[in-house]
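Listed below, chain by chain, are the residues.
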Amino acid sequence: MTNSFYFINIIRFTLLVLVQVLVFNRLNFFGFINPMVYILFLYWYPIKENRAFFIGIGFLLGLAIDFFSDTMALHAASTVTIAYLRPAIMRFVFGVNYEFQSFKLSNTTRAQQITFLALLVIAHHVIFFTLEFFSLANLLLILKKVIFTGFATIILCLLFGSLFSARKE
């Protein structure tokens, strides 16, 4: 890989952490919806890169958000888990096609991209809110936060994705 690959990913990492910490952590729609757009880094990260390195980057991403949000490694645990589950989610959404060298996320259908993003967000939020409340007595509250925060996160991630993606003509 070239230096531009590393440069782009460092810029994405930094900007998504800053946007999450400075903007979205301060927003509370309806008092409990707090979108987590930093998940886009794990969505956009190249598919054919070293898996152990990717899980490490996922940990650093979550740890950076935890450091600024004071959430005691909840984000780190959630991002490491979805970084680990990402190949299984991709196999579910794209089939075995994603294992070929020529596979690119931009060459898939929009429905597959949305499904992939939605599954990443749902997995992240289920883990995050389950660890946050750490009690099945609050199962309805966990489900409420997963559904509403997940919906807001998916919508904002799709908006960010459409703003920063290369146009196909």
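Since this is a predicted model, take the numbers as computed values, not measurements.

1. What about the overall build of the protein chain?
Point 1. What the protein chain contains, in helices and strands, is six helices and zero strands.
Point 2. When the helices and strands of the protein chain are listed from N to C terminus, the series reads α-α-α-α-α-α.
Point 3. Relative to the 2.2 N^0.38 estimate, which gives 15 Å for 169 residues, the radius of gyration of the protein chain is 16 Å and therefore close to what a compact globule would have.
Point 4. Based on the C-alpha atoms only, the size of the protein chain along its principal axes is roughly 45 × 35 × 30 Å.

2. What about the packing of aromatic side chains?
Point 1. Considering all chains together, one arrives at eight aromatic pairs under this definition.
Point 2. With centroids separated by 5.7 Å and ring planes inclined at 50 degrees, the aromatic side chains of Phe41 and Tyr45 adopt a geometry described as tilted.
Point 3. Cluster of aromatic residues (ring-pair linked, three or more members): Phe13, Phe41, Tyr45 and Phe54.
Point 4. A cation sits over an aromatic face here: Arg51 above Tyr84, 4.7 Å from the ring centre.
Point 5. Of note, Arg86 hangs over the ring of Phe54, and the distance from its end group to the ring centre comes to 4.8 Å.

3. Regarding the layout of surface pockets
Point 1. In this structure, the second largest pocket encloses a volume near 220 Å³.
Point 2. Asn34, Met36, Thr71, Phe128 and Glu132 are the residues nearest the centre of the second largest pocket, which is lined by 15 residues in total.
Point 3. Put simply, the parts of the chain that give the lining of the second largest pocket at least two residues each are helix H5 (110-133) and helix H6 (139-164).
Point 4. Looking at the lining of the second largest pocket, the element that brings in the most residues is H5, giving three residues.
Point 5. Of the residues contributing to the lining of the second largest pocket, the split by class is four nonpolar, nine polar and two charged.

4. Considerations on the side chain of Thr153
Point 1. Structurally, the position occupied by Thr153 is in helix H6.
Point 2. On the basis of relative accessibility, which here comes to 0%, the residue Thr153 falls in the buried class.
Point 3. Among residues more than four places away in sequence, those in contact with Thr153 are Pro35, Met36, Ile39, Val121 and His125.

5. What about the packing of H5 against H6?
Point 1. It is the contact of H5 with H6, at a shortest axis distance of 9 Å, that shows an interaxial angle of 140 degrees. Taken as axis vectors, H5 and H6 run oblique relative to one another. Crossing angle aside, the handedness with which H5 passes H6 is right-handed. Contacts between H5 and H6 involve Arg110, Ile114, Leu117, Ala118, Val121, His125, Val126, Phe129, Thr130, Glu132 and Phe133 on the former and, on the latter, Leu141, Ile142, Lys145, Val146, Thr149, Gly150, Thr153, Ile154, Cys157 and Leu158.
Point 2. Its residues placed into classes, the contact of H5 with H6 shows 13 nonpolar, five polar and three charged.

6. Topic: H6
Point 1. A rise of 1.5 Å per residue sets the reference length of H6, with its 26 residues, at 38 Å; its end C-alpha atoms lie 36 Å apart and thus fit the reference within 8%.
Point 2. Every buried residue of H6 is listed here: Ile142, Lys145, Val146, Thr149, Gly150, Ala152, Thr153, Ile154, Leu156, Cys157, Phe160 and Gly161.
Point 3. Considering only its buried residues, H6 is in contact with helix H1 (3-22), helix H2 (40-44) and H5.

7. Examining helix H3 (residues 51-69)
Point 1. Between its first and last C-alpha, H3 extends 27 Å over 19 residues, near the 27 Å set by a 1.5 Å rise per residue.
Point 2. Those residues of H3 that sit buried are Phe54, Ile57, Gly58, Leu61, Gly62, Ala64, Ile65 and Asp66.
Point 3. Looking at the packing, one finds that the buried side of H3 touches H1, H2 and helix H4 (74-94).
Point 4. Two or three places before Ala52, at the opening of H3, Asn50 has a side-chain oxygen 3.1 Å from that residue's backbone nitrogen.
Point 5. Just downstream of H3, Asp70 is the residue with a positive phi angle, here 55 degrees.

Parameters and conventions
Residues numbered from 1 in each chain as written. Predicted model: local features only at pLDDT ≥ 70, side-chain atom pairs only at ≥ 80, totals over all residues. Heavy atoms only, no water. Helix = DSSP H or I, 4+ residues; strand = E, 2+ residues; numbered from the N terminus. Rg over C-alpha atoms; globule rule 2.2 N^0.38 Å. Phe/Tyr/Trp six-rings, centres within 6.5 Å; stacked < 30°, edge-to-face > 60°. Lys NZ or Arg CZ within 6 Å of the ring centre and 35° of its normal. 1 Å grid on protein atoms, 1.4 Å probe; cavity = no way out; pocket = protein on both sides within 12 Å on 5 of 7 lines; lining within 4 Å. Points joined across faces, edges and corners; volume = space filled by probe spheres on them. Nonpolar A, V, L, I, M, F, W, Y, C, P; charged D, E, K, R; others polar. Buried < 20%, exposed > 50% of the residue type's maximum accessible area, 1.4 Å probe, protein only. Contact = heavy atoms within 4.5 Å. Axes fitted to C-alpha atoms, helices over the stretch in contact; angles between N-to-C directions. Parallel < 35°, antiparallel > 145°, perpendicular 65-115°, else oblique. Left-handed = near helix turned anticlockwise from the far one by under 90°. Expected span 1.5 Å × (residues − 1). Polar contact = N/O pair within 3.5 Å; in protein donor to acceptor, adjacent residues only side chain to side chain.

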